[in-house]
Amino acid sequence: MLSKNFGCADDQGQRQMDLYDGCNSEHNSIDEYKPGVTIQSCSSQGQMWRIKSRTTGRVCHLLSKLEYQVFLLLDIHPNIIEIKEQYSHDLPLSLKVAFELGVNHPPQNNQEKLPLTTDFVVTYQGVEAKQIGIYVKYAKDLNNYRTVEKLLLEKETLAKRNIPLLVITEKDIDTNALRNIEWFLTADASQYQLDDAKSRASNIYEQLQASSSEKLTQILARFDDENQMPAGTHLNELKCLLQLGFLHFDLNKEFHEFLGQDILFEAEL
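1. Re the overall build of the chain
Okay, step 1: When helices and strands are counted, the chain shows 7 helices and 9 strands.
Okay, step 2: Here the chain has roughly 13400 Å² of accessible surface; of this, 47% comes from carbon and sulfur atoms.

The structure is reproduced here in structure tokens:
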């Protein structure tokens, strides 16, 4: 999972998975929230995902593989009750903070400035609910001067709203959880539509429960044989449904040891 210190932030070729349409969900209720950057508005050529969140019920826009991995862990965290991805800051406020810090407000080379965004702002339910900003970056990129400058700007702007900022890199993700995520990311889920995926996940879940004590890989191989499908067909489908959030499992377990009963169905999505 994420670093054990999570929740204590005070202590300091494009792959576009257009899985769902209608992401009409600022800083008010979850239903009204709109991310500051979406896949459609982003010029990046890297890996990007749109995925239905089991925490918010919204379609979330994730602009890198690491963001996606962090999101999956946030979305199953029992104490996180709200996730706002690509959180848009108040532009006059961030401009004022940039002036105070003496840094160039993004976009760096543009005379006209745009709202600053933070990868995630989550609401963490502990003794009392509190918001925490999360800045997601690969460790090697934290050596870049402009990255550090932008990080400072985000931190100080959020601080004006009493929101602490937590930095998460790939080193803060549990290696076993990361291995499991990378395992099911090897499948391409872009062909699935929402209704079809949910129905198919329900069907596979029921079949797995009928052989709950049997090893998962053996069950899936048998499904391939019974349906006269190429080897690995059902395993690939399972990975896709895990990506989409309709099926899930304990990320702390080793995937090659899974039994049928270890795969769970998310009926509420």
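So, next bit.
2. A closer look at the packing of aromatic side chains
Okay, step 1: Throughout the structure, instances matching the rule amount to 7 aromatic pairs.
Okay, step 2: Consider the rings of Trp183 and Phe249, whose centres lie 6.3 Å apart with planes at 70°: the pair is edge-to-face. One end of the pair, Trp183, is in helix α4 (residues 175-184); the other, Phe249, is in the loop between β8 (247-248) and β9 (264-265), and 66 residues separate them in sequence.
Okay, step 3: A residue is classified by how much of its surface remains accessible, and Phe249, at 7% relative accessible area, is buried.
Okay, step 4: Ring geometry for Trp183 and Phe255: centres 4.6 Å apart, planes at 10°, overall stacked. Pair noted here: Trp183 is in helix α4 and Phe255 is in the loop between β8 and β9, with a separation of 72 residues, a long-range link.
Okay, step 5: Grouping aromatic residues by their ring pairs yields a cluster made of Trp183, Phe184, Phe249, Phe255 and Phe258.

3. Observations regarding helix α1 (residues 65-75)
Okay, step 1: The buried fraction of α1 amounts to 10 of the 11 residues, a majority that puts the element mostly inside the structure.
Okay, step 2: Regarding α1, the residues found buried are Leu66, Glu67, Tyr68, Gln69, Val70, Phe71, Leu72, Leu73, Leu74 and Asp75.

4. Here's the deal with the sheet that holds strand β6 (residues 129-136)
Okay, step 1: One open sheet holds the 4 strands; their spatial order is β4-β5-β6-β7, and the pairing between them is mixed. The open sheet has two free edges, formed respectively by β4 (80-88) and β7 (165-168), since each of these has just one partner strand. The average undirected angle you get between the axes of adjacent strands in this sheet is 30°.
Okay, step 2: The sheet contact formed by β6 and β7 spans 4 bridges and is parallel. Across the sheet, residue Ile134 finds its bridge partner in β7, namely Leu166.
Okay, step 3: Contacts from α1 reach β4, β5 (117-125), β6 and β7 within the one sheet, and its direction differs from that of β5 by about 10°.

5. Overview of the nonpolar core
Okay, step 1: Within the largest apolar cluster, 50 residues are counted, with the highest numbers of intra-cluster contacts made by Phe120 and Phe184.
Okay, step 2: The greatest single-element share of this core, amounting to 7 residues, is contributed by α1.
Okay, step 3: Those residues within four positions of Phe120 in sequence are excluded, and the remaining contacts are Leu62, Glu67, Val70, Phe71, Leu74, Ile83, Lys84, Glu85, Ile132, Gly133, Ile134 and Val136.
Okay, step 4: Core analysis: the second largest hydrophobic core is formed by 8 residues, Tyr33, Tyr87, Leu158 and Ile163 among them.

6. Considering helix α2 (residues 91-101)
Think of an α-helix as 3.6 residues a turn; residues three or four steps apart then line up on the same face.
Okay, step 1: Taken residue by residue, α2 has Leu93, Ser94, Val97 and Ala98 as its buried positions. One face of α2 carries all of its buried residues, which in axial projection span an arc of 135°. Pointing more than 90 degrees away from the buried face of α2 are the exposed residues Pro92 and Phe99.
Okay, step 2: Check the buried side of α2 and you find it contacts α3 (145-159).
Okay, step 3: Gly102 occupies a position one or two residues after α2 and carries a positive phi of about 75°.

7. Side note on the side chain of Thr147
Okay, step 1: Structurally, the position occupied by Thr147 is in helix α3.
Okay, step 2: Those residues within four positions of Thr147 in sequence are excluded, and the remaining contacts are Tyr135, Lys137, Asp141 and Leu142.

8. Some points on the pairing of β5
The side chains of a regular strand alternate, residue by residue, between the two faces of the sheet.
Okay, step 1: In terms of residue burial, β5 counts as a mostly covered element, since 8 of its 9 residues are buried.
Okay, step 2: Examined bridge by bridge, β4 and β5 share 7 bridges and lie antiparallel to one another. Across the sheet, the residue bridging to Lys84 is Val121, located in β5.
Okay, step 3: Examined bridge by bridge, β5 and β6 share 6 bridges and lie antiparallel to one another. Across the sheet, Val121 pairs through a bridge with Gly133, a residue of β6.

9. What about the packing of helix α5 (residues 194-209) against helix α7 (residues 233-244)?
Okay, step 1: Contact geometry for α5 and α7: axes closest at 10 Å, N-to-C directions at 120°. Here α5 is positioned oblique relative to α7, judged by the angle of their axes. Crossing of α5 over α7 shows left-handed handedness. Along its contact with α5, which presents Ala197, Arg200, Ala201 and Ile204, the element α7 presents His234, Glu237, Leu241 and Leu244.

Cut-offs used in this document
Residues numbered from 1 in each chain as written. Predicted model: local features only at pLDDT ≥ 70, side-chain atom pairs only at ≥ 80, totals over all residues. Heavy atoms only, no water. Helix = DSSP H or I, 4+ residues; strand = E, 2+ residues; numbered from the N terminus. Areas by Shrake-Rupley, 256 points an atom, 1.4 Å probe, with all protein chains shown as cover. Phe/Tyr/Trp six-rings, centres within 6.5 Å; stacked < 30°, edge-to-face > 60°. Buried < 20%, exposed > 50% of the residue type's maximum accessible area, 1.4 Å probe, protein only. Pairing = 2+ DSSP bridges. Axes fitted to C-alpha atoms, helices over the stretch in contact; angles between N-to-C directions. Contact = heavy atoms within 4.5 Å. Core = buried A, V, L, I, M, F, W, Y, C linked by side-chain atoms within 4.5 Å. Arc of directions from axis to C-beta. Parallel < 35°, antiparallel > 145°, perpendicular 65-115°, else oblique. Left-handed = near helix turned anticlockwise from the far one by under 90°.

Any link to function would need more than the numbers given here.
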